[in-house]
Amino acid sequence: MKRILAAWMPAIALLAAAGIALIPAPTRAEDGARIAGQICSGCHGVHGRSESPMFPKLNAQTPEYIEAQLKGFREHARGESAARDYMWGMAALLDEAAVKSLADYYSHQPATRGAAGDPILMAKGQEIFEHGVPDKGVPACASCHGAQAQGAGTFPRLAGQHREYLLRQIEVFQNGTRANAPVMTAVAHTLSSEQAKAVAAYLQSR
Ligand code: HEC
Ligand code: HEC
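Calculation notes
- All residue numbers refer to position in the chain's written sequence, counted from 1.
- Whichever chain is written first is A, and whichever ligand is written first is 1; the rest continue in order.
- Only residues with pLDDT of at least 70 are given local features in this predicted model, and only at 80 or more are side-chain atom pairs given and counted; all residues enter the totals for whole chains, interfaces and linings.
- To get the side-chain values, take all heavy atoms of the structure and skip hydrogens and water.
- In this description a helix means any DSSP run of H or I spanning at least four residues, a strand means any run of E spanning at least two, and both kinds are numbered starting from the N terminus.
- Relative accessibility decides the category of a residue: with a 1.4 Å probe and only protein chains considered, values under 20% of the type maximum give buried, values over 50% give exposed, and everything between is partly exposed.
- We call two residues in contact when some of their heavy atoms are within 4.5 Å.
- Calculation of accessible area relied on Shrake-Rupley with a 1.4 Å probe; when residues are assessed, cover is drawn exclusively from the protein chains displayed.
- Only nitrogen, oxygen and sulfur atoms within 2.8 Å of the metal, or 3.2 Å for Na, K and Ca, are treated as donors, and water is left out, so sites may look incomplete.
- Labels for metal geometry use angle windows, namely 85 to 135 degrees for all angles of a four-donor tetrahedral site, and for square planar (four donors) or octahedral (six donors) sites opposite donors over 155 degrees apart plus all others within 65 to 115; sites meeting none of these are irregular.
- If a single non-hydrogen atom of a residue is within 4 Å of a molecule or strand, that residue counts as near it.
- Residues adjacent in sequence count toward polar contacts only when both atoms are side-chain atoms; beyond that, a polar contact is any pair of N or O atoms within 3.5 Å, and within protein one must be able to donate a hydrogen and the other to accept it.
- In this classification, Asp, Glu, Lys and Arg are treated as charged, Ala, Val, Leu, Ile, Met, Phe, Trp, Tyr, Cys and Pro as nonpolar, and every other residue, Gly included, as polar.

Engineer: Would you mind showing me how to read the overall build of the chain here?
Structural biologist: The secondary structure content of the chain amounts to ten helices and zero strands. Sequence-ordered secondary structure for the chain, helices as α and strands as β, is α-α-α-α-α-α-α-α-α-α. Evaluated residue by residue, the chain yields a buried proportion of 48% over its 206 residues. For the chain, long-range pairs separated by at least 24 residues make up 71% of all intrachain contacts whose partners lie at least 6 apart in sequence. Of the roughly 10,200 Å² of accessible surface on the chain, 61% is carried by carbon and sulfur atoms.

Written out as structure tokens, the structure reads:
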């Protein structure tokens, strides 16, 4: 991972050299598209449709959630190793106006679905997503993330997201390194690893 980051150092330098942290307010919509294309797409894919499960998809994500996360990286509230290695430095270079225009840009990119998995596992995941597991204290994910997992405000879209990324996030909520969202940490603690796998398989293909 360190090696990959090293390969990205020129991009970070470029970002600084381009004076992206100094973009004057008010935000121009095209700044988001430009920064996304020049910098973020290297990891998050063209229009945020990341192809690698290492990097979350950003297309169709809610603007409030994107803003909150970029702030979370900047303030080091998301302390998991992938966040430290990749996003702390990146977020530090973005001012408020750049953050807003990136959030606006990605939230307007069309949603995409990932590959379907084992149908039995996905059906189990759908059941958990929609209804929770009442006798185990697992709440219905849909109650916060939306009936279609489309997200709303600071509740993120989960539909179409890489399965491996979703599972990694449930893990970092459980081990406390992603500590910016007590409500989701509590939810993560109710999930068994089998349940987490099922719900992640369902969400990737939504
Ligand atoms: C060098 C690779 C890399 C680059 C370049 C990069 N990111 Fe990221 N980004 C990541 C990784 C890895 C994660 C996941 C961190 C984790 O797993 O905790 C991430 C996570 C995020 C998240 C959180 C998504 C979620 O679902 O919680 C946002 C928002 C984000 N990046 C925005 C951006 C923006 C905007 C840019 C361009 C200014 C950018 N990133 C550039 C690697 C990168
Ligand atoms: C009480 C509301 C609530 C419920 C119920 C809930 N979540 Fe969340 N979840 C959140 C919030 C809020 C966040 C954003 C945390 C942050 O800002 O970092 C989140 C974030 C996440 C993320 C990280 C997404 C990303 O892009 O990094 C995953 C994965 C997730 N939730 C899965 C689930 C699953 C699976 C369930 C059902 C078992 C569930 N959530 C139920 C509130 C909830």
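Engineer: Help me understand the coordination of the iron atom of ligand 1, please; the structure alone is not making it clear to me.
Structural biologist: Each pair of donors in an ideal four-coordinate tetrahedral metal site encloses 109.5 degrees, whereas pairs in an ideal six-coordinate octahedral site enclose 90 or 180 degrees. With distances of 2.0 to 2.2 Å, the protein atoms coordinating the iron atom of ligand 1 are H44 (NE2) and M87 (SD). Bound by six donor atoms, the iron atom of ligand 1 shows angles of 84 to 179° at the metal and therefore octahedral coordination geometry. Here M87 lies in helix α4 (residues 81-92) and H44 lies in helix α2 (residues 29-44), a separation of 43 residues in the sequence. Grouping residues by exposure puts H44 and M87 together as buried.

Engineer: Sorry if this is basic, but what is going on with the site of ligand 2 here?
Structural biologist: Around ligand 2, a shell composed of 25 residues is seen, among which C141, C144, H145, Y165 and M184 lie nearest. Within the side chain of Y165, a nitrogen or oxygen atom sits 2.7 Å from an oxygen atom of ligand 2. Among the elements of the structure, α3 (63-74), α7 (142-145), α8 (163-174) and α9 (182-190) are those that each provide at least two residues to the shell around ligand 2. No other element matches α8, which puts four residues into the shell around ligand 2. Among the residues forming the shell around ligand 2, the class breakdown is 18 nonpolar, six polar and one charged.

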